[in-house]
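Inside the fold
Single-letter residue listing:
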Amino acid sequence: MDMLGIDFSWADVVALWNTAVVYVAARWLPTLGAILLAAFAYFVGGWILRRVQKRFAEKTETDLDDELVRAIRHAFRLTVVAWALWRILGLWMPILGAETPEGDWIAWDSQPRDWVWGIWIGVVFFPLSRFVGHLMRSFETSIISRTSETALDETALPMINRFVRFIVIAIGLLLAMTHLGFQIAPLLAGAGVAGLALSLAAKDTLSNLIAGVLLIMDRPFQVGDRIELWNAPRETGTWGDVIEIGLRATKIRNPDNLVVVVPNNEIMRRDIINYTMSGDDIRLRIPFACAYEADIERAKLLLKEAAAEVEGVKLDPAPIVIVRGFGPSEVNLQLRVWIQEARNRRRIADEITEKAMVKFADAGVEIPYPKRELYIRQGAAAPLLPSGGPAQPLK
């Protein structure tokens, strides 16, 4: 018989069929037993673990133990499936190897049935990473959020959670590759070279990312704080409220409703002025001046009265006025007041200044301005030419 260019006889077909029947006859019953045993363990073990999880859920307030039992149940089922595949491949797959030049046959160290456990190692780390992520979320809810319920926690903690879960999965994949016979040392070396090239090409981006992590860890400000802007657009407010803290940049809304996006690396290189971090109460220092001829004590009293009439100024501690120094034509004063709301410092300073100007005008306290005094000396004009010299005619 000739089919597709291959010559074989009917006897060869019968011999091949008999060989296949003998091969299958010796293996089908153990295969069926392995499948039935795995199915029984899969469903019965899963049912028992589900009952245990339900009992934990009824006795405890936290769901952390429930997640632990759920992770164990998933890992158990994956293990049962992996065992069944390992058993079936061991029955049906021949031992693979290679023949040496001397004619000896040596089996490979890693057989297809062993690859099942390598894949199992990589897969089982996924429910483990899910449990680790839930553990960190529970820690966030019960510990961190109870002591510091800030919007910054909503930015930092999910990022840390995802990073830790990624590390757990990466460890599982590396262990799986090692079990499958891959040499991970060259891969790690290549990843290191690629990482170095990438870091050099994107050093600015990496710098901003590192600065973003440091901002989240150090917390010089958080979402909702009012901070000073360094490079605000001209003719706009020089301060703003933090509306978003990202890994690359921070977004700040200024009083003109303009959103300024500042790279995190730029923020970390400057002094950060936070008006609301220490609480609602802050002290204002407002400069004033009066003429040398004015009554200084009267001017101080008027400034204190103006401050007391503005809403939001605290009377305890009481406002004070000090003499800061002397100018070319004025005495420099400084009003120091405590206010109840840091966000109203601009409004309060404006109202105090306006009321002080009106009180100075009503009380006759002169607000200084540059002055020049001219002295005119009367007498004979000085001669323009030396005495006795002849006058020169005009040409």
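Residues numbered from 1 in each chain as written. Predicted model: local features only at pLDDT ≥ 70, side-chain atom pairs only at ≥ 80, totals over all residues. Heavy atoms only, no water.

1. Considering the overall build of the protein
This is how it is decided: For the purposes of this entry, the term helix denotes a DSSP run of H or I that reaches at least four residues, the term strand denotes a run of E that reaches at least two, and both are numbered from the N terminus. Here the term buried applies to any residue with accessible area under 20% of the maximum for its type, exposed to any over 50%, and partly exposed to those in between, with areas from a 1.4 Å probe on protein chains only. For this analysis, residues touch if any pair of their heavy atoms sits within 4.5 Å. Only the protein chains shown count as cover for residues, and all accessible areas are computed by the Shrake-Rupley method using a 1.4 Å probe.
A tally of helices and strands in the protein yields 10 helices and 11 strands. The buried share among the 395 residues of the protein stands at 29%. Of all intrachain contacts in the protein linking residues separated by at least 6 positions in sequence, the fraction that spans at least 24 positions is 65%. As presented, the protein carries roughly 26,600 Å² of accessible surface, and 63% of it is formed by carbon and sulfur atoms.

2. Some thoughts on the packing of helix α9 (residues 296-308) against helix α10 (residues 345-363)
Our working rule: Lines fitted to the C-alpha atoms define the axes, with helices restricted to the stretch that makes contact. Angles between their N-to-C directions range from 0 to 180 degrees. Note on angle classes: values under 35 degrees are labelled roughly parallel, values over 145 roughly antiparallel, values of 65 to 115 roughly perpendicular, and the remainder oblique. Handedness of a crossing follows from how the near helix is turned relative to the far one, being left-handed for an anticlockwise turn of less than a right angle and right-handed for a clockwise one. For this scheme, ten residues count as nonpolar: Ala, Val, Leu, Ile, Met, Phe, Trp, Tyr, Cys and Pro. Four count as charged, namely Asp, Glu, Lys and Arg, and the remainder, Gly too, count as polar.
Two elements in contact, α9 and α10, have axes separated by 9 Å at closest approach and are oriented at 140°. Classified by the angle between their axes, α9 and α10 sit oblique to one another. The handedness of the crossing between α9 and α10 comes out as right-handed. Side by side, α9 and α10 meet where R298, A299, L302, L303, E305, A306 and A307 of the first sit next to I352, K355, A356, K359, F360 and A363 of the second. Grouping the constituent residues of the contact of α9 with α10 by class yields nine nonpolar, no polar and four charged.

3. Focus on the environment of Q53
Along the chain, the position of Q53 falls in helix α2 (residues 28-59). The exposure class assigned to Q53 is buried, which follows from its relative accessible area of 11%. Once the C-alpha coordinates of Q53 and L68 are considered, the two residues, 15 residues apart in sequence, prove to be 8.6 Å apart. Every residue in contact with Q53, bar those within four places of it in the chain, is listed here: D66, V69, R70 and R73.

Any functional reading would require information that these geometric values do not contain.
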